[in-house]
Amino acid sequence: MCKRFHAYYKPLSPIPQDALFPVYSERIFVFLATVYKRRLFSEKQGITGGQAAPMLHARTASPSSRTTSRTMNTVLLPVLLCFFLRPAVLRLLAELLRAVVLLLPEERLPEDPSPAQIEAALDHSKYDITVIDLHGRDWHHTAPDGRQWQVDKNDFSITVDGVRKAFDYALIIIHGTPGEDGKLQGYLDMMGVPYSSCSMTSSVITFDKITAKRTLAGRVNLAREVFLRRGKAFDPAQIVAELGMPLFVKPNANGSSFGVTKVHAPEELPTAIEAAFAQGDEILIEECITGREMGCGMLVAGGREYVFPITEIVSKKDFFDYEAKYTAGFSDEITPVDITPEVKAEL
C-alpha cells in the first residue's frame, strides 16, 4: 500500500499490551478470501507464484523440506508421508489452501471502495470470500442466516459450522488506526501472516509525524515545528514569534486532515490547538511553506520496486483539507506532473 506522509519524529515508546487488539471506534470490514494455488515439488520451480500476486507465496517447498500449510505440517503431512508415499499423494498435498484477508473500514471515507466492489473485483475461481466485521476486540463473521462466528485471535482463524479457515495473506485497505499505524501489522507479524502494506516499524514511524520527521532530519528539507503533548504548558506568542504566520496546527497521529487548521492570525491559534487536541494527545504546530504539492507512490512486491508516476495536488481550498481531498471539484490531481526532468529525477 502506498501512502503520502509529512515527515516528523519522537523516541518510540513501549507498545502497550492492549495495542495488539486496539479498542477503536470505527468498524472495519475484513474480507477473507481463500486461494487455491498448485505448487510443484521441483528443485527448479520450488513454489514460486506468478508476478500478478507475488505476496501470496510466503512459504516455499523443496524436496528436502516439503513445507506445506500449517495445518498439513501439524496433522496431515506426517501421516500421509508415512503411509502413502506415492507421487499421486504428493501432488494432492501440493494443492495448498491459501487465504487472503482484505480489510476495509465500514465507516468509509468518500474515496474508499465498498466491500461489494472489492469482492466483485476478486477472481471467484480462486478466492472464497468471507466478510468479517472488526469492532474493537469484537472480530466476527456474520453468516447469511444471521449467525455470528468469532475470529480466533490466537491464530487468526475462524471456525464456521465446525470447519476451520486459516488466513494466509492480508490486503490492508484501512485509513488510520489500526491499518496504517502498525497495530494490525504487528499482530499479523506475530501470526506469521504476510500483508500488503509496509512493515510494522515503517507504519509506526510514518503514521507518527514527529517520529517520521526526526527520522528524516538531515536527509530532506522539513518545516520547522513545535511539538506539544496534552497538559504541557505553551506560550502562543512565543510559538508565533518562532514560526511566523501563517502556520498549521495538526494532530500528530491522524490522517485525512482531521483536526488540521491553517492559522492566519495569532488570535486563531488557541482554537486551532484545541481542535487538534480533540483528535489525540499530541499535536504539531508547523510553519507554512508555500510551494507545489506532489506525491510519488512506490510499490514493493516480489523483491522489486515499482515507482508510480508523480502526481501534483492542486487544492481549490485554502489548503488540501478534508473537503478538498474527498469532494469532487475542490482539488485537481494532475498525473503526470508538469516538471522538469531534473526535478523528476530528484523526486
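A brief report on the enclosed structure follows. It should be emphasised that the depicted structure is a prediction, and the values quoted were computed from it without experimental measurement.

**Quick notes on the sheet that holds strand 16 (residues 311-315)**
Phase 1: Strand order in the open sheet formed by 3 strands is 13-16-17, and the pairing between neighbours is antiparallel. Pairing within the sheet leaves two strands with one partner each, and these edge strands are strand 13 (293-295) and strand 17 (331-334). The average undirected angle you get between the axes of adjacent strands in this sheet is 25°.
Phase 2: Where strand 13 lies against strand 16, 3 bridges are found, and the strand directions are antiparallel. Its bridge partner lying in strand 16, M294 is registered against E312.

**Describing the packing of helix 5 (residues 200-207) against helix 6 (residues 209-216)**
Working note: a packed helix pair is described by the angle between its axes plus the distance between those axes.
Phase 1: In the contact formed by helix 5 and helix 6, the axes pass within 5 Å of each other and the chain directions differ by 100°. By the angle between their directions, the pair helix 5 and helix 6 is classed as roughly perpendicular. Facing I205, T206 and F207 of helix 5, the residues of helix 6 in contact are K209, T211, A212 and T215.
Phase 2: Of the residues contributing to the contact of helix 5 with helix 6, the split by class is 3 nonpolar, 3 polar and 1 charged.

**Let's talk about the sheet that holds strand 12 (residues 282-287)**
Phase 1: If you trace the 4 strands from one edge of the open sheet to the other, you get 9-12-10-11, paired in antiparallel fashion. Looking along the sheet, the strands with just one partner apiece sit at the ends: strand 9 (225-229) and strand 11 (261-263). Between one strand axis and the next, the sheet turns through 20° on average, direction left out of account.
Phase 2: Two strands pair when backbone bridges link them, and strand 9 and strand 12 are joined in this way by 5 bridges, in the antiparallel orientation. Directly across from L228, in strand 12, lies its bridge partner I283.
Phase 3: Against the sheet, helix 6 engages strand 9, strand 10 (247-251) and strand 12, with an angle of about 140° to strand 9.
Phase 4: Across the sheet, helix 8 (residues 269-277) lies against strand 9, strand 10, strand 11 and strand 12, angled at about 25° from strand 10, the strand it touches most.

**Quick notes on the pattern of salt bridges**
Side chains that carry opposite charge are capable of pairing whenever their charged atoms lie near each other.
Phase 1: In the structure shown here, the tally under the stated rule is 14 salt bridges.
Phase 2: In this structure, the salt-bridge partner of K213 is E225, at a minimum N-O distance of 2.2 Å. Here K213 is found in helix 6, whereas its partner E225 is found in strand 9, with 12 residues between them in sequence.
Phase 3: Taking the relative accessible area as the measure of exposure, K213 reaches 7% and is therefore buried.
Phase 4: Residue classification places E225 among the partly exposed positions, given a relative accessible area of 23%.
Phase 5: With its nearest N and O atoms 2.7 Å apart, the salt bridge here joins E323 to K317.
Phase 6: Given a relative accessible area of 27%, K317 falls into the partly exposed group.
Phase 7: When salt bridges with common partners are traced through the structure, they connect D145, R147 and D161 into a single cluster.

**Side note on the packing of aromatic side chains**
Phase 1: In this structure the tally under the stated criterion is 7 aromatic pairs.
Phase 2: Plain terms: the ring middles of W139 and Y187 are 5.3 Å apart, the flat faces sit at 80° to each other, and that makes the pair edge-to-face. Taken as a pair, W139 in strand 4 (residues 138-142) and Y187 in helix 4 (residues 183-191) lie far apart in primary sequence, 48 residues in all.
Phase 3: Given a relative accessible area of 1%, Y187 falls into the buried group.
Phase 4: Put simply, the rings of W139, F156, F167 and Y187 pair up and form one aromatic cluster.

Parameters and conventions
- Residues numbered from 1 in each chain as written.
- Predicted model: local features only at pLDDT ≥ 70, side-chain atom pairs only at ≥ 80, totals over all residues.
- Heavy atoms only, no water.
- Pairing = 2+ DSSP bridges.
- Helix = DSSP H or I, 4+ residues; strand = E, 2+ residues; numbered from the N terminus.
- Axes fitted to C-alpha atoms, helices over the stretch in contact; angles between N-to-C directions.
- Parallel < 35°, antiparallel > 145°, perpendicular 65-115°, else oblique.
- Contact = heavy atoms within 4.5 Å.
- Nonpolar A, V, L, I, M, F, W, Y, C, P; charged D, E, K, R; others polar.
- Salt bridge = Lys/Arg side-chain N within 4 Å of Asp/Glu carboxyl O.
- Buried < 20%, exposed > 50% of the residue type's maximum accessible area, 1.4 Å probe, protein only.
- Phe/Tyr/Trp six-rings, centres within 6.5 Å; stacked < 30°, edge-to-face > 60°.

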